[in-house]
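Per-entry structural report
Listed below, chain by chain, are the residues.
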Amino acid sequence: MYLDEVLEQNRKFVEEESYIPYQTDKFPDKRIVVLSCMDTRLVELLPRALNVKNGDIKMVKNAGAILTHPFGSVMRSLMVAVYELQADEIFIIGHHDCGMKHYNGEQTISKMKEQGVKDEVFETLEYAGVDVKNWLQGFERVEDSVQNSVDMVRNHPLLPKKTPVHGLVIDPGTGRLDLVTRGYE
Ligand SMILES: [Zn+2]
C-alpha cells in the first residue's frame, strides 16, 4: 500500500520547494511528441537516452507503444500535441524485450477469471462485439509493431501532411536507439 507514503513524500516535496528545477510551461522546447511504452526500465532511461528534460517534449505512454485505433485516445493525444501544443514531429519508440511481445492476452484472461470475472461477462462482451483477446493483443516483432503504428499515424486523414513521423526501437538496458523508419521526405 503506497498511497500514504506517496502523500507524505509529496508533502515534503512541495514544502521543500523541490519542484523548482522542474518548472517550465506546457509547450515542448524541442517541439516533438513521443509515444513509448510504460516499461519500468524506460521511466528515467528514455528521457536520458533522448537527451530531454522536463519542458522539452510531450510524452504519451501505453503498454507496448502500440497504436491500435486511429480514433482512440493515443491518436487523440498525438493530434492535440500537434495542433495545440506545438509538436512538429512524432516519434514512436518501441523497445526490445517488451512485455507485449508474443503477448496474446490469453494468460491475462485466465487471471481475470481467477480474480473473479465470470465467464458470463466474457460472453456478454463477445455478444456486444468486444473481442477481449484481440483487444489485449501484443505483437510478434517490435519493429513491425512500430512500423504499423507509424503507418497508422502517417495515413491519418486529420494529420497535417507535412508532419514527420519516425519509428525507433530502444534497448532498455543501454538506451541505444535503432531507427526503424525515418519520417522526413
Ligand atoms: Zn514495453
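Everything numeric here is computed off the predicted structure, so don't read it as measured data.

1. Considerations on the domain arrangement of the protein
The domain boundaries assigned to the protein delineate domain 1 (30-98 + 141-185) and domain 2 (104-137). Each of domain 1 and domain 2 was reduced to a C-alpha centroid, and the two centroids are 29 Å apart.

2. Remarks on the sheet that holds strand E5 (residues 177-181)
In spatial order, the strands read E2-E1-E3-E4-E5; together these five strands make up an open sheet with mixed pairing. Where the open sheet ends on each side, the last strands, each with one partner, are strand E2 (57-62) and E5. Taking each pair of neighbouring strands and ignoring which way they run, the sheet shows an average axis angle of 25°. In this structure, strand E3 (residues 89-95) lies alongside strand E4 (residues 165-170), joined through six bridges in parallel fashion. Note on E4: the bridge partner recorded for Ile90 is Val165. Packed on one face of the sheet, helix H2 (residues 42-49) meets strand E1 (32-37), E2, E3 and E4 and runs near 145° to E2.

3. Comments concerning the coordination of the zinc ion
The zinc ion binds to the protein through Cys37 (SG), His95 (NE2) and Cys98 (SG), with metal-donor distances spanning 2.0 to 2.2 Å. Between consecutive donors of the zinc ion, the numbers of intervening residues give the motif C-x57-H-x2-C. Remark: Cys98 occurs in the loop between E3 and helix H4 (106-114) and Cys37 occurs in strand E1; sequence separation between them is 61 residues. Judged by relative accessible area, which is 4%, Cys37 ranks as buried. In this structure Cys98 comes out as buried when scored by relative accessible area, which is 7%.

About the criteria used
Residues take numbers from 1 onward in each chain, read along the sequence in its written order. Reporting in this predicted model follows two pLDDT cut-offs: at least 70 for local features of residues, and 80 or more for side-chain atom pairs to be given and counted; totals over whole chains, interfaces and linings ignore these cut-offs and use all residues. The basis for the side-chain values is all heavy atoms of the structure; hydrogens and waters are excluded. Boundaries between domains were set according to an automatic or database domain assignment. By the convention used here, strands pair only if DSSP detects at least 2 bridges between them. The helix and strand labels rest on DSSP assignments: H or I over at least four residues marks a helix, E over at least two residues marks a strand, and numbering proceeds from the N terminus. All axes are obtained by fitting lines to C-alpha atoms, using only the stretch in contact for helices, and the reported angles, taken between N-to-C directions, cover 0 to 180 degrees. Contacts were defined at the residue level, with two residues in contact if any of their heavy atoms lie within 4.5 Å. Each metal's donors comprise the N, O and S atoms found within 2.8 Å of it (within 3.2 Å for Na, K or Ca). Water is not part of the atom list, so some coordination spheres may appear incomplete. Think of it in three bands: with a 1.4 Å probe and only protein chains considered, a residue is buried below 20% of the maximum accessible area for its type, exposed above 50%, and partly exposed in between.

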